[in-house]
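One-letter residues, chain by chain:
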Amino acid sequence: MQVLVAYESRGGRTRRAAEAVADAVRARGSDATLKALSEVTPQDIEHADAVAVGSWVQGFIVVKVGPAKAALDAVGRLPAMGGKPAAVFCTYAASPRATLAILRRSLEAKGAKVVAENASHRSHPDRGAAELAERLCASA
Ligand SMILES: Cc1cc2nc3c(=O)[nH]c(=O)nc-3n(C[C@H](O)[C@H](O)[C@H](O)COP(=O)(O)O)c2cc1C
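What counts as what
Residues numbered from 1 in each chain as written. Predicted model: local features only at pLDDT ≥ 70, side-chain atom pairs only at ≥ 80, totals over all residues. Heavy atoms only, no water. Helix = DSSP H or I, 4+ residues; strand = E, 2+ residues; numbered from the N terminus. Contact = heavy atoms within 4.5 Å. Buried < 20%, exposed > 50% of the residue type's maximum accessible area, 1.4 Å probe, protein only. Near = heavy atom within 4 Å. Polar contact = N/O pair within 3.5 Å; in protein donor to acceptor, adjacent residues only side chain to side chain. Areas by Shrake-Rupley, 256 points an atom, 1.4 Å probe, with all protein chains shown as cover. Nonpolar A, V, L, I, M, F, W, Y, C, P; charged D, E, K, R; others polar. Pairing = 2+ DSSP bridges. Right-handed = clockwise from strand over helix to strand, strands pointing away. Salt bridge = Lys/Arg side-chain N within 4 Å of Asp/Glu carboxyl O.

Quick notes on the environment of Val53
When you line up the elements, Val53 lands in strand 3 (residues 50-59). As a C-alpha pair, Val53 and Leu103 span 50 residues in sequence and 8.3 Å in three-dimensional space. For Val53, the contacting residues outside a window of four places in its chain are Ala6, Leu37, Val75, Ala87, Val88, Phe89, Leu103 and Leu107.

Have a look at this one:
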């Protein structure tokens, strides 16, 4: 099985969270490809049996707290996923608030079937990665 782990990271913590997900996928005997979300191509999606998408939490004054704008923009450019299993994750400093729900809906809008989600504090970006990978792999 081939799992694509795509992340939007500015300071490296969400990249570390993504690496932990990819490591956990490989530990379960599947293949994992790690890629910045902005560099994901339609072919990457096509070749993946399951997809994990992660973002850092970005707060906007007055408006709301959610996934980084760059992450939502990149997900918006992805091709249709036709029921492919997916997982969403994020790293945060104070609170993820609605970040996972918004990320989940953006992937569901592409036709993905979101089966797992995890928010980890930036001080422990790898926390919860193994459970997320387990649920995603079990669904693919
Ligand atoms: C511009 C900016 C806005 C942020 N807003 C929030 C926020 O509203 N809530 C929160 O919990 N963390 C917020 N953070 C913290 C980041 O989400 C957190 O440090 C995250 O782990 C960074 O991930 P990265 O290292 O992959 O970029 C913000 C960070 C930046 C740079």
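Thoughts on the side chain of Ser30
Within the secondary structure layout, Ser30 lies in the loop between helix 1 (13-27) and strand 2 (31-36). The exposure class of Ser30 is buried, given its relative accessible area of 12%. Excluding anything up to four places from it in sequence, Ser30 contacts Met1, Val25 and Cys137.

Overview of the site of the ligand
Residues in contact with the ligand amount to 17 residues; listed here are only the nearest, Ser9, Gly11, Val57, Thr91 and Ala94. Gly11 places a polar main-chain atom, nitrogen or oxygen, 2.7 Å from an oxygen atom of the ligand. Relative to its free-state accessible area of 650 Å², the ligand is covered by the protein chains to the extent of 78%. Secondary-structure elements contributing two or more residues to the shell around the ligand are helix 1, strand 3 and strand 5 (85-92). The greatest single-element share of the shell around the ligand, amounting to 4 residues, is contributed by strand 3. Residue composition of the shell around the ligand, grouped by class: 6 nonpolar, 8 polar and 3 charged.

Digging into the pairing of strand 1 (residues 2-8)
Most of strand 1 is tucked away: 6 of the 7 residues are buried. The pairing of strand 1 with strand 2 spans 6 bridges and is classified as parallel. Directly across from Ala6, in strand 2, lies its bridge partner Lys35. Handedness of the crossover joining strand 1 and strand 2 through helix 1 is recorded here as right-handed. Judged from the 6 bridges that link them, strand 1 and strand 3 form a sheet pairing that is parallel. Each residue of the ladder has a partner; that of Val5, found in strand 3, is Ala52.

Remarks on the pattern of salt bridges
Taken as a whole and assessed by the stated rule, the structure comprises 6 salt bridges. Measuring nitrogen to oxygen at the nearest pair gives 3.0 Å for the salt bridge that ties Glu117 to Arg104. Here Glu117 is found in strand 6 (residues 113-121), whereas its partner Arg104 is found in helix 4 (residues 99-108), with 13 residues between them in sequence. Through salt bridges with shared partners, one network takes in Arg104, Glu108 and Glu117.

Focus on unusual backbone geometry
Although it is not a glycine, Arg97 sits at a positive phi angle of roughly 45 degrees. Secondary-structure assignment places Arg97 in the loop between strand 5 and helix 4. Of the residues examined, Arg97 reaches a relative accessible area of 64% and is grouped as exposed.

Notes on the side chain of Thr14
The residue Thr14 is located in helix 1 in this model. There is a polar contact of 2.9 Å between the side chain of Thr14 and the side chain of Thr91. Filtering out sequence-adjacent residues up to four positions away, Thr14 remains in contact with Tyr7, Glu8, Ser9, Gly54, Ser55, Trp56, Phe89 and Thr91.

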